Amino acid sequence: MSTLIPQQLSGALGAAIPAPVWSGFDLGPLRIHAYALCILLGIVAALWLTDRRWKKRGGPEGSIWDIAIWAIPFGIIGGRLYHVFSSPDAYFGPGYDGTGDLSLIPQIWLGGLGIWGAVVLGVVGAWIGCRRAGVKISAFIDAAAPGILLAQAIGRWGNYFNQELFGAPTTLPWGLSVSPEFVPPGFSPDTLFHPTFLYECLWNLAGVAVLLLLDRKFRLRSGRLFLMYAMIYTAGRVWIEMLRIDDAEQITFFGITTRLNVWTSIIVFVAALVVFLILTYARRGKESESVYLPGHAPAADETLEGAADSEARTVGGSGDSADAVKSTDAAPTDAADKASAPEPAAKDSAKDGK
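Please read all numbers here as calculations on a predicted model, not as lab measurements. (Residues numbered from 1 in each chain as written. Predicted model: local features only at pLDDT ≥ 70, side-chain atom pairs only at ≥ 80, totals over all residues. Heavy atoms only, no water.)

A few points about a nonpolar patch on the surface
Item 1. Together, V21, W22, F25, L27, L30, L37, L40 and V44 make up a nonpolar patch on the protein surface, roughly 790 Å² of accessible area in all.
Item 2. Among the elements of the structure, β1 (24-27) and α2 (34-56) are those that each provide at least two residues to the nonpolar patch. (Patch = residues over 30% accessible without salt bridge, like charges linked within 9 Å, V, L, I, M, F, W, Y side chains within 5 Å. Areas by Shrake-Rupley, 256 points an atom, 1.4 Å probe, with all protein chains shown as cover. Salt bridge = Lys/Arg side-chain N within 4 Å of Asp/Glu carboxyl O. Helix = DSSP H or I, 4+ residues; strand = E, 2+ residues; numbered from the N terminus.)

Side note on the pairing of strand β6 (residues 256-259)
Item 1. Pairing of strand β5 (residues 250-253) with β6, which is carried by 4 bridges, proceeds in the antiparallel orientation. Across the sheet, F253 pairs through a bridge with I256, a residue of β6.
Item 2. Adjacent in sequence and paired antiparallel, β5 and β6 are bridged by 2 residues, among which F254 carries a positive phi angle near 55°. (Pairing = 2+ DSSP bridges.)

As for the environment of H83
Item 1. You can see H83 is positioned in helix α3 (residues 63-86).
Item 2. Residues H83 and G117, 34 residues apart in the sequence, show an inter-C-alpha distance of 7.8 Å.
Item 3. Ignoring any residue separated from it by four or fewer positions in sequence, one finds H83 in contact with Y91, G111, G112, L113 and G114. (Contact = heavy atoms within 4.5 Å.)

Focus on the nonpolar core
Item 1. Counting residues in hydrophobic clusters, the biggest one holds 38 residues, and the most contacted among them are W54, V135, F140, L149, L211 and Y229.
Item 2. If you list the elements that add at least two residues to this core, you get α2, α3, α5 (115-133), α6 (137-155), α8 (196-218), α9 (224-241) and α10 (260-282).
Item 3. Element by element, the count of residues in this core is highest for α9, at 9 residues.
Item 4. Excluding its chain neighbours within four sequence positions, the residues that come into contact with F140 are T50, W54, I64, I67, A126 and C130.
Item 5. Ranked by size, the runner-up nonpolar core spans 12 residues in total, among them F166, L176, F193 and F197. (Core = buried A, V, L, I, M, F, W, Y, C linked by side-chain atoms within 4.5 Å. Buried < 20%, exposed > 50% of the residue type's maximum accessible area, 1.4 Å probe, protein only.)

What to know about the packing of α3 against α5
Item 1. It is at 6 Å that the axes of α3 and α5 come closest, and there the two elements cross at 155°. As the angle between them shows, α3 and α5 are arranged roughly antiparallel. In this structure, α3 meets α5 at a crossing whose hand is right-handed.
Item 2. Of the residues belonging to the contact of α3 with α5, the class tally is 14 nonpolar, 8 polar and 2 charged. (Axes fitted to C-alpha atoms, helices over the stretch in contact; angles between N-to-C directions. Parallel < 35°, antiparallel > 145°, perpendicular 65-115°, else oblique. Left-handed = near helix turned anticlockwise from the far one by under 90°. Nonpolar A, V, L, I, M, F, W, Y, C, P; charged D, E, K, R; others polar.)

Laid out in structure tokens, this is it:
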């Protein structure tokens, strides 16, 4: 009886976030799932923000779509594969005993896209698209970083409509109510749960704002803004993931057993921080604003870049650009003076020749 007190109290407080009343709609024989709509809306928002940022950085017109054609499918496939192998019981059975249902693997509308698989394979797809477009992958992922986080913020609402991946029971006034069929075994039907989808959505939106501010103030290049994205996201994912109670692979490191995604987030955070510091030190004073791969910039851009480099070398070598200009201007005058001067006497010429 005592174990039900928090649940009864939670139910008495009422659900600040009610269970969704629908999860999609039918369009003829086709079922349109709310989860898929959230993912699609997130992709559209990411493309919109990335396109705006890419143009401001000088990205070639239309190249965003050429890159997206590769990045989006690769990202979806990668996200699904990561989910399948990080939560394998439904697909392969407990302990890979063969009792699972392999036909569930392609049914992504039921939920299940792992962000790290989506990011890794999505970047691979983006790299292919960038090579074909003649632009740097580092420039593109820096432009895309806030958009990726925005897509994740929107996509998390798919978990709400699917009534999945919520957290432990809570008595907080913003507790999440779920339909009885989705309440985990051992909990009262009126139990309220931590709305982890909402926590992550808000964290990600705050992260988008931070990334945009950091980029405006420090103009992070060479992939460093993307690394900041990885650090911001994983810092939130660690504590949000630890609230969840859905089935997940448990991994033990250093005598600590916790969810696979917690360890993944910690490892990614540390790796991103180390690479960020290395790049910051190695690229100090060497940051390039060009988004193009060598030899792929438009002729006008290459000319302007070459002129800027030449001017920088001239100014740096003379120490005073005004003196350089003065010297150049003086040359024709000296030549004119020499031309108008009388011919020296032959005797003087002979002396000069000695």
